[in-house]
Amino acid sequence: MQTETLASPAPFWNICRRVYLVWAVLLLIGFAATQFHQEASINWLWLVISLLGLGYMVRQTSLPEFRAAGLAHLYFVGLVWTLVIALGMVFSVLPFVGRTALVSLGQYLGVFWLFQMGLGHWLNGTVDPPRRPYWITAGIQILAGIVCLVWGLEWQFLAAGGVGALAMLLLIPFH
């Protein structure tokens, strides 16, 4: 097994890049499935997807290379994303549970998630340098949500999946 020294270059697929790639794939799968199965039961798929993604993040942050790289601030990033995802999941389930004031949110969930993912990227940028790429990807997602609101909601879930995955992929070169 080859070990890295200070003089050897870091591998391209470091922890952050691997996590971004996994989330890009999970977002594409989840939102594509949601586009074609807009039923309350899709929330079970999202629960599994979220647990897979968060579990992968936790697994990566427990690796020795994570601790050795001085990436402890990313624990806060993991906490932020856990809270963003958990809050989003609550708001995604509530429109389908009884008669709540959020029942009308059900028709805007793709847009809601574009805004929610944008918020997550913005918060991520407050603690994980370089900040600008996170804030740019946050803006892209929020702008995509606004575009879906203005031009129609028919393909909002595919837009959320494509734009969300693109946002994750755009972050790869910066880490």
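Going by the structure above, here's the rest.
A few points on the structure. All values reported here derive from a predicted model rather than from experimental measurement. (Residues numbered from 1 in each chain as written. Predicted model: local features only at pLDDT ≥ 70, side-chain atom pairs only at ≥ 80, totals over all residues. Heavy atoms only, no water.)

### Describing the overall build of the protein chain
Stage number 1. The number of helices and strands found in the protein chain is seven helices and zero strands.
Stage number 2. Starting at the N terminus and walking to the C terminus, you meet the elements of the protein chain as α-α-α-α-α-α-α.
Stage number 3. Taken across its 175 residues, the protein chain has 41% of its residues classed as buried.
Stage number 4. Of the contacts made within the protein chain by residues no fewer than 6 positions apart, 72% connect residues no fewer than 24 positions apart.
Stage number 5. Total accessible area computed for the protein chain in this model is approximately 9900 Å², and 74% of it derives from carbon and sulfur atoms. (Helix = DSSP H or I, 4+ residues; strand = E, 2+ residues; numbered from the N terminus. Buried < 20%, exposed > 50% of the residue type's maximum accessible area, 1.4 Å probe, protein only. Contact = heavy atoms within 4.5 Å. Areas by Shrake-Rupley, 256 points an atom, 1.4 Å probe, with all protein chains shown as cover.)

### Digging into the packing of helix α1 (residues 15-36) against helix α2 (residues 42-61)
Stage number 1. The contact between α1 and α2 brings their axes to 10 Å, and the two run at 175°. Between α1 and α2, the angle is such that the two are roughly antiparallel. Residues I15, R18, V19, V22, W23, L26, L27, G30, F31, A33 and T34 of α1 pack against I42, L45, W46, I49, S50, L52, G53, L54, Y56, M57 and Q60 of α2.
Stage number 2. Taken together, the residues that form the contact of α1 with α2 break down as 16 nonpolar, five polar and one charged. (Axes fitted to C-alpha atoms, helices over the stretch in contact; angles between N-to-C directions. Parallel < 35°, antiparallel > 145°, perpendicular 65-115°, else oblique. Nonpolar A, V, L, I, M, F, W, Y, C, P; charged D, E, K, R; others polar.)

### Looking at the packing of aromatic side chains
Stage number 1. Per the stated rule, a full pass over the model turns up four aromatic pairs.
Stage number 2. Each ring, one from F112 and one from W113, has its centre 5.8 Å from the other, and the planes form 80°; the classification is edge-to-face.
Stage number 3. Take W113: its relative accessible area is 15%, and that puts it in the buried class.
Stage number 4. Put simply, the rings of F91, F112 and W113 pair up and form one aromatic cluster.
Stage number 5. Above the plane of the ring of F12 lies R17, whose end atom (NZ or CZ) is 4.2 Å from the centre. (Phe/Tyr/Trp six-rings, centres within 6.5 Å; stacked < 30°, edge-to-face > 60°. Lys NZ or Arg CZ within 6 Å of the ring centre and 35° of its normal.)

### As for unusual backbone geometry
Both trends apply: most residues other than glycine have a negative phi, and most peptide bonds are in trans.
Stage number 1. P129 connects to P130 through a cis peptide bond whose omega is -5°.
Stage number 2. For P130, the location among the structural elements is in the loop between α5 (109-127) and α6 (131-151).

### Comments concerning the nonpolar core
Stage number 1. Within the largest apolar cluster, 37 residues are counted, with the highest numbers of intra-cluster contacts made by Y20, W23, F31, W46, L114, M117 and M168.
Stage number 2. Those elements that place two or more of their residues in this core are α1, α2, α4 (74-93), α5, α6 and α7 (156-171).
Stage number 3. With near-sequence residues (within four places) excluded, M117 lies in contact with L27, F31, W81, Q141, A160 and G164. (Core = buried A, V, L, I, M, F, W, Y, C linked by side-chain atoms within 4.5 Å.)

### Focus on α7
Stage number 1. For α7, spanning 16 residues, the distance from its first C-alpha to its last is 22 Å, which sits close to the expected 22 Å at 1.5 Å a residue.
Stage number 2. Where α7 is concerned, the buried positions are Q156, F157, A160, G161, V163, G164, A165, A167, M168 and L171.
Stage number 3. Where α7 is buried, its residues meet α1, α5 and α6. (Expected span 1.5 Å × (residues − 1).)

### Notes on a nonpolar patch on the surface
Stage number 1. Taken together, Y108, F115, I142, L143, I146, V147, L149, V150 and W151 make up a surface patch of nonpolar side chains, about 860 Å² in accessible area.
Stage number 2. The dominant element in the nonpolar patch, judged by the number of residues it contributes, is α6, at seven residues.
Stage number 3. Position of Y108 relative to the elements: it lies in the loop between α4 and α5. (Patch = residues over 30% accessible without salt bridge, like charges linked within 9 Å, V, L, I, M, F, W, Y side chains within 5 Å. Salt bridge = Lys/Arg side-chain N within 4 Å of Asp/Glu carboxyl O.)

The values reported here are purely geometric and, on their own, carry no functional implication.
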